[in-house]
Amino acid sequence: MEKGTSISIVTAFFNIGRGEIGDNYPDYLKRTTETYFEYFFNLAKLDNEMIIFTSKEYKEKVLEIRKGKPTKVVVLDFYKKFRKQIKLVKSIQESQKFKSGINKDMIKNIEYWSPEYTVVTNLKIFFVNYAIRKNLVNSKIVSWIDFGYVRNEETLGNIKKWEYPFETDKVHFFTLRKKFSLEKIEDVYDVIFNNKVFIIGGAAVSGKENWKNFYKLLRKEQNELLKSDIIDDDQGIYMMCLFKYKKFIKLHYLGKDRWFFLFRKYDVTSKIGIIERLRDIIK
């Protein structure tokens, strides 16, 4: 493994209306555009190269926040480019077949009723692959990090530039549970329909070349789920890939309910990160 390996960060922001969610849904689902940019302001402090997908009206704001740091902005019309996908997901979410499988205590969660949210979370690896195909990425290691992942400066763990020697031939996902079982396909469906959380969707890492191969596998599984009239956010498809292609994936434990410990635990300057690397060497 190479020490001090720099990581390119791919992320995206599109206004999908989370700030206008009605009162029939839990307050924690509501998130305004201003809130997202407050969070992004923290992520943007990193000196890492960033490739950011967004709509035309936010391009200059993103560049202003980044203040000359290595940044490429890709402008897309989300509703136009992905209109077919949004329509398809909407039809599944509104179908009785899909609704009947969802745990009734979980049905108000946004991935079960918002096609825009579900589509954009399923596009994360598409955006990573797009950035790589268009030669927008200069680092050997490429990550997806959610635009709103860094809620405060503490989440960054006092780092200026994120570096960690992730193996480039694996896709690295981050978990909140040390142990869980995926022995049969029904275990994946259990995760999807009961909104059980194992893998966080906010971050994923792999080598530049390896992302291309993994994207093909992920697309295959997305299409299989759609054919079965099943749809979920990022975790659902990641769990499906873990079930089908376990040897291509490496899981990293963040800690119980420690959603935002990525940079504090997996960075070359982190004491915890040093311990994690020693454990990998011993293995």
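Keep in mind that what you see is a predicted model, and the values were worked out from it rather than measured. In every chain, residue numbers begin from 1 and rise along the written sequence. A pLDDT threshold of at least 70 governs which residues receive local features in this predicted model, and a stricter bar of 80 or more applies before side-chain atom pairs are shown or counted, although totals over entire chains, interfaces and linings include all residues. Excluding hydrogens and water, the side-chain figures rest on all heavy atoms present in the structure.

Caption draft 1: Representation of the overall build of the chain in the model. Secondary structure counts use DSSP, requiring at least four H or I residues in a row for a helix and at least two E residues in a row for a strand, with both numbered from the N terminus. Counting its regular elements, the chain contains 13 helices and seven strands. Its C-alpha atoms give the chain a radius of gyration of 18 Å, within 12% of the compact-globule value 19 Å for 283 residues. Dimensions of the chain, computed from the C-alpha atoms along their principal axes, are close to 50 × 45 × 35 Å. Buried means the residue's accessible area, taken with a 1.4 Å probe over protein chains only, is under 20% of the maximum for its type, while exposed means over 50%, and partly exposed covers the values in between. Here the chain holds 283 residues, and 52% of them are scored as buried. Of the contacts formed within the chain by residues at least 6 apart in sequence, a portion of 75% connects residues at least 24 apart. Only the protein chains shown count as cover for residues, and all accessible areas are computed by the Shrake-Rupley method using a 1.4 Å probe. Surface accessibility of the chain: about 14,300 Å² in total, with carbon and sulfur atoms responsible for 50%. Counted as positive: Lys and Arg. Counted as negative: Asp and Glu. His and the chain ends are not counted at all. Taken as the charge centre is NZ of Lys, CZ of Arg, CG of Asp or CD of Glu, depending on the residue. If you average the places of the 53 positive and of the 37 negative side-chain charges in the chain, the two averages end up 4 Å apart. Note on method: radius of gyration uses C-alpha positions; expected globular size equals 2.2 Å times residues raised to 0.38. We call two residues in contact when some of their heavy atoms are within 4.5 Å.

Caption draft 2: The arrangement of the packing of helix H1 (residues 33–43) against helix H2 (residues 59–66) in detail. For the pair H1 and H2, interaxial distance at closest approach is 9 Å and the crossing angle is 35°. As H1 runs across H2, the sense of the crossing is right-handed. Between H1, through Phe37, Phe40 and Phe41, and H2, the contact on the second element is made entirely by Lys61, Val62, Ile65 and Arg66. Residues that form the contact of H1 with H2 fall into these classes: five nonpolar, no polar and two charged. Helix axes are fitted to C-alpha atoms over the stretch in contact, other axes to C-alpha atoms as well, and angles between N-to-C directions run from 0 to 180 degrees. By the definition used in this description, the sense in which the near helix is turned from the far one sets the handedness, with an anticlockwise turn below a right angle giving left-handed and a clockwise turn giving right-handed. Following the grouping adopted for this structure description, the nonpolar residues are Ala, Val, Leu, Ile, Met, Phe, Trp, Tyr, Cys and Pro, the charged ones are Asp, Glu, Lys and Arg, and the polar ones are all others, Gly among them.

Caption draft 3: Spotlight on the packing of aromatic side chains. Note on aromatic pairs: the rings of Phe, Tyr and Trp (six-membered ring only in Trp) are paired at centre separations within 6.5 Å, and the planes decide the class, stacked below 30 degrees, edge-to-face beyond 60, tilted for the rest. This structure, assessed with the given rule, holds 37 aromatic pairs. Taking the centre distance of 6.1 Å and the plane angle of 75° together, the rings of Trp162 and Phe166 count as edge-to-face. Given a relative accessible area of 4%, Phe166 falls into the buried group. Note on Phe173 and Phe214: the rings are 6.1 Å apart at their centroids and 65° apart in plane angle, and the pair reads as edge-to-face.

Caption draft 4: Summary view of empty space enclosed by the protein. Computed over the protein atoms alone on a 1 Å grid, cavities are sets of points where a 1.4 Å probe fits but cannot get out and pockets are open sets with protein on both sides within 12 Å along at least five of seven lines; a residue lines them when it has an atom within 4 Å of a point. Grid points are joined across faces, edges and corners, and a volume is the space filled by probe spheres set on the points. Scanning all chains against the criterion turns up two cavities of 30 Å³ or more. Taken as a whole, the second largest cavity spans an internal volume of roughly 30 Å³. Looking at the second largest cavity, the residues that line it are Thr121, Asn122, Lys124, Ile125, Leu218, Gln222, Ile237 and Tyr238. When residues of the lining of the second largest cavity are traced back to their parent elements, those giving at least two are helix H6 (115–122), helix H7 (124–133), helix H10 (208–227) and helix H11 (234–244). Residues belonging to the lining of the second largest cavity are distributed by class as follows: four nonpolar, three polar and one charged.

Caption draft 5: Region of interest: the nonpolar core. Definition used in this section: a nonpolar core is a set of buried Ala, Val, Leu, Ile, Met, Phe, Trp, Tyr and Cys residues joined via side-chain atoms within 4.5 Å. Grouped together as the largest cluster of nonpolar side chains are 58 residues, with contacts concentrated most on Val10, Phe53, Phe78, Phe127 and Trp211. Top contributing element to this core by residue count: H7, with seven residues. Ignoring anything within four residues of it in the chain, the contact list for Phe78 reads Phe14, Ile16, Arg83, Ile86, Glu116, Val119, Val120 and Leu123. Core analysis: the second largest hydrophobic core is formed by 34 residues, Leu46, Ile52, Tyr149 and Leu262 among them.

Caption draft 6: Focus on the pattern of salt bridges. When a carboxyl oxygen of Asp or Glu lies within 4 Å of a side-chain nitrogen of Lys or Arg, that pair is called a salt bridge. Inspection of every chain in the model, using the stated rule, returns 14 salt bridges. Between Asp47 and Lys69 there is a salt bridge, with the nearest N and O atoms lying 2.6 Å from each other. Within this pair, whereas Asp47 is found in the loop between H1 and strand E2 (50–54), its partner Lys69 is found in the loop between H2 and strand E3 (71–75), the two being separated by 22 residues in sequence. Between Glu154 and Arg264 there is a salt bridge; the shortest N-O distance is 3.6 Å. Of this pair, Glu154 sits in helix H8 (residues 153–156) while Arg264 is found in helix H12 (residues 262–265), placing the two residues 110 residues apart along the sequence. Taking relative accessible area as the criterion, Arg264 reaches 22% and is therefore assigned partly exposed.

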